[in-house]
Amino acid sequence: MATRYWLLKSEPESFSIDDLQRAPKQTTFWNGVRNYQARNLLRDEMKVGDGVIFYHSNADPAAAVGLAEVVRAGYPDGTQFDPKSDYYDPDAKPDDPRWFMVDIKFKEKFVRPLPLDLLRTLPALADMVLLRRGSRLSVQPVTPAEWKTIVAQGRRPA
DNA sequence: GCCAACGTTGGC
DNA sequence: GCCAACGTTGGC
């Protein structure tokens, strides 16, 4: 089966690509997603070996900053059962988990970040989910062509 | 800090 | 099942 590609948003103040690079085994679980559309992608679609574009949201500037890889497919996000967690969901049941996460591993940091306004200038990305008006999804599908374009741009020296 | 866009909730 | 109110996201 062909490799698929995704974009994950993170606020660098809470977890940046540098944090991922420094993490044990350069790997982290991607917890705290509480949106059904994103949940469905995490639970059903993302597979080991899939490519991930790491994107910094609420950043100055917001930008695609590097690449990661899915190293564990969807499994229940334990924070939904933890009353002390910010992500606690009193309606989630351990035998019927509502929220899922994947594990991702650091692959590379782009030699230059790709800010939103730069991405918007690239014709190949015209239909990208990220660039659609009002798009807020924190887990997004990326087409192979979009992936190729972004990787090439990110590896090109500024 | 503002606010547009979107998702979720809950009354009916 | 509709939809108004509310909460959140995220760029600026």
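Residues numbered from 1 in each chain as written. Chains lettered and ligands numbered in written order. Predicted model: local features only at pLDDT ≥ 70, side-chain atom pairs only at ≥ 80, totals over all residues. Heavy atoms only, no water.

Draft legend 1. Looking closely at the protein's contact with DNA strand C. Within the structure, DNA strand C sits among Lys9, Tyr55, Ser57, Asn58, Ala62, Leu116 and Arg136. Contacts to DNA strand C include lysine 9, whose side-chain N or O atom sits 2.8 Å from a phosphate oxygen. Here a phosphate oxygen of DNA strand C and a side-chain polar atom of tyrosine 55 are 2.8 Å apart. A breakdown of the residues in the surface near DNA strand C according to their chemical character gives three nonpolar, two polar and two charged. (Near = heavy atom within 4 Å. Polar contact = N/O pair within 3.5 Å; in protein donor to acceptor, adjacent residues only side chain to side chain. Nonpolar A, V, L, I, M, F, W, Y, C, P; charged D, E, K, R; others polar.)

Draft legend 2. Local environment of the protein's contact with DNA strand B. Close contacts around DNA strand B come from Asn35, Tyr36, Arg133, Gly134 and Arg136, and that covers them all. Here a phosphate oxygen of DNA strand B sits 2.2 Å away from a polar atom, N or O, in the side chain of arginine 133. A distance of 2.6 Å separates a base oxygen of DNA strand B from a polar side-chain atom of arginine 136. Looking at the surface near DNA strand B residue by residue, the class counts come to one nonpolar, two polar and two charged.

Draft legend 3. Molecular detail of the sheet that holds strand E3 (residues 51-56). Strand order in this open sheet of six strands is E2-E5-E4-E3-E1-E6, and the pairing throughout is mixed. Bordering the open sheet on either side are strand E2 (27-29) and strand E6 (139-142), each of which pairs with just one other strand. Sheet twist, expressed as the average angle between the axes of neighbouring strands with direction ignored, equals 35°. Of the pairings in the sheet, the one linking E2 to strand E5 (residues 100-115) comprises three bridges and is antiparallel in character. Paired with phenylalanine 29 across the strands is aspartate 103, a residue of E5. The sheet contacts of helix H4 (residues 144-155) involve strand E1 (5-10), E3, strand E4 (63-76), E5 and E6, and relative to E5 the element is tilted by about 50°. (Pairing = 2+ DSSP bridges. Helix = DSSP H or I, 4+ residues; strand = E, 2+ residues; numbered from the N terminus. Axes fitted to C-alpha atoms, helices over the stretch in contact; angles between N-to-C directions. Contact = heavy atoms within 4.5 Å.)

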